[in-house]
Amino acid sequence: MNPYVERLQKVIAFIAAFLFIACLLLSSFEWAVYRDEDYKFYEKEYEKYEVTKELDMEMEDVMYVTEEMMAYLIGEREELSVWTTVEGREQDFFNEQDRFHMGEVRTLFIGGLKLRNGLFLVVLGLNLVLIFMKKKNVFIKMMFTAGAVFLGICAVVGIACAMNFTKVFYLFHQIVFDNEEWLFDPAVDYMIRMLPEGFFFDMLVRIGTMFGLWLIALMGASLVYRILEKKQNKQCL
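Sequence order as written defines the numbering, with residues in each chain counted from 1. In keeping with the model being predicted, local features are shown solely for residues with a pLDDT of at least 70 and side-chain atom pairs are shown and tallied solely at 80 or more, while totals for entire chains, interfaces and linings include all residues. Here the side-chain values reflect all heavy atoms present in the structure, with hydrogen atoms and water set aside.

Trainee: Help me get a handle on the overall build of the protein chain, residues and values and all.
Mentor: For the protein chain, the count of helices and strands is 8 helices and 2 strands. We count a stretch as a helix when DSSP gives it H or I for four or more residues in a row; a strand needs E for two or more, and each element gets its number in order from the N terminus. Reading the helices (α) and strands (β) of the protein chain from amino to carboxyl end gives α-α-α-α-β-β-α-α-α-α. A compact globule built from 237 residues should have a C-alpha radius of gyration of about 18 Å, whereas the protein chain, at 22 Å, is more than 25% larger. Overall, the protein chain is about 80 × 30 × 30 Å in size when its C-alpha atoms are taken along their principal axes. Sorting the 237 residues of the protein chain into buried and exposed places 38% on the buried side. In the protein chain, 78% of the contacts between residues at least 6 apart in sequence involve partners at least 24 apart. Here the protein chain displays about 14,100 Å² of accessible surface, and carbon together with sulfur accounts for 63% of that area. A positive count includes Lys and Arg, and a negative count includes Asp and Glu. His and the chain ends are not counted in either. By convention, the point assigned to a charge is CZ for Arg, NZ for Lys, CD for Glu and CG for Asp. Of the side chains in the protein chain, 24 bear a positive and 33 a negative charge, and the two mean positions are spaced by 21 Å. A radius of gyration in this sense is built from C-alpha atoms; the matching globule rule multiplies 2.2 Å by the number of residues raised to 0.38. The buried label goes to any residue with under 20% of its type's maximum accessible area, the exposed label to any with over 50%, and the partly exposed label to all in between, with areas taken from a 1.4 Å probe on protein chains only. Any two residues whose heavy atoms approach within 4.5 Å at even a single point are treated as in contact. Accessible areas in this description were obtained via Shrake-Rupley with a 1.4 Å probe; residue shielding takes into account the shown protein chains only.

If you want it as C-alpha cells, here you go:
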C-alpha cells in the first residue's frame, strides 16, 4: 500500500476517534448535569454545603427552584423567574444579574449539545470515508491513541483544578464570558448561595469520573482489538 495513503487513513481515523471522544465528554456533561433523576446529586450537595441554612429556605423550595432553573437551561422554559419563599418572604429567587448570566450559560449549554450532535455527524462521515477506503478497523485501533492524548489533556486540567480550583474557575469565566456579570455578591445574590464554588468542583469530579470510566472502557476495547489483530496476523504467517 502507498505509505502516503496509509498515513492519510491513520490521520482520518485519529481525527474521527478524537472527535468521538469529544462527543463522549459532552455527553458525560449532559448526563451528569441533566440526567440526574430527581436531581438527587444536587440535593446531596445542598445538604453538604448547608444551602437551606444559607438561604433560610426549605429543601423542598430549593429543589423546586433547581428544577425550574434546569428546565430553563435546557430550553424547556423561556423565562428564568421562580417565585418561592426565601428568607421568610415570597419573592422571585432570581434577580436581573442572575437572568443575564444564566441566559449566557443557557446559550453555552444548548450550544454544547448542538456541537456534540454536529461532531457525531462528522465522525459518521469520516467513518464512511474509511469504509470506502476499506479501512474501517483503523478507527477502532486509533481510539487508543486518541484516548491517550485526550487523557493527557484531562490529566493536566485535573491537576490544575486539584491544585487551585478557584483560579481555574475564574480563568474559565474570564475566557468564556466577555463581561463580569458572573461575579456575584452572596449578600444580595441568592443563586451564588445555592451554588457555591464547592458545588462546581464536586460537579466537575462527577463529570470527570463518568467520562473517565467511559474513556478507559473505550481504550481498553481498542487495546484488546489491537492485541487480537496482532495474534491473528502472526497465525496467518
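Trainee: Account for the packing of helix H1 (residues 3-33) against helix H5 (residues 96-132), with residues named and values stated.
Mentor: Where H1 meets H5, the closest approach of the two axes is 9 Å, and the angle between their N-to-C directions is 150 degrees. Between H1 and H5, the interaxial angle falls into the category roughly antiparallel. With respect to the hand of their crossing, H1 and H5 are arranged in left-handed fashion. In the scheme used here, Gly and all other residues not listed as nonpolar or charged are polar, with Ala, Val, Leu, Ile, Met, Phe, Trp, Tyr, Cys and Pro taken as nonpolar and Asp, Glu, Lys and Arg as charged. Classifying every residue of the contact of H1 with H5 by side-chain character gives 20 nonpolar, 4 polar and 2 charged. The axes are straight lines fitted to the C-alpha atoms, using for helices just the contacting stretch, and the angles between their N-to-C directions are given from 0 to 180°. Just so you know how the angles are binned, under 35 degrees is roughly parallel, over 145 roughly antiparallel, 65 to 115 roughly perpendicular, and the rest oblique. By definition, any crossing whose near helix is turned counterclockwise from its far helix by less than a right angle is left-handed, and any crossing with a clockwise turn is right-handed.

Trainee: Report on the environment of Lys230, specifying residues and quantitative values.
Mentor: Within the secondary structure, Lys230 is located in helix H8 (residues 197-236). Here Lys230 falls in the exposed class, since its relative accessible area comes to 58%. Taking the C-alpha atoms as reference points, Lys230 and Met57, separated by 173 residues in sequence, lie 62 Å from one another.

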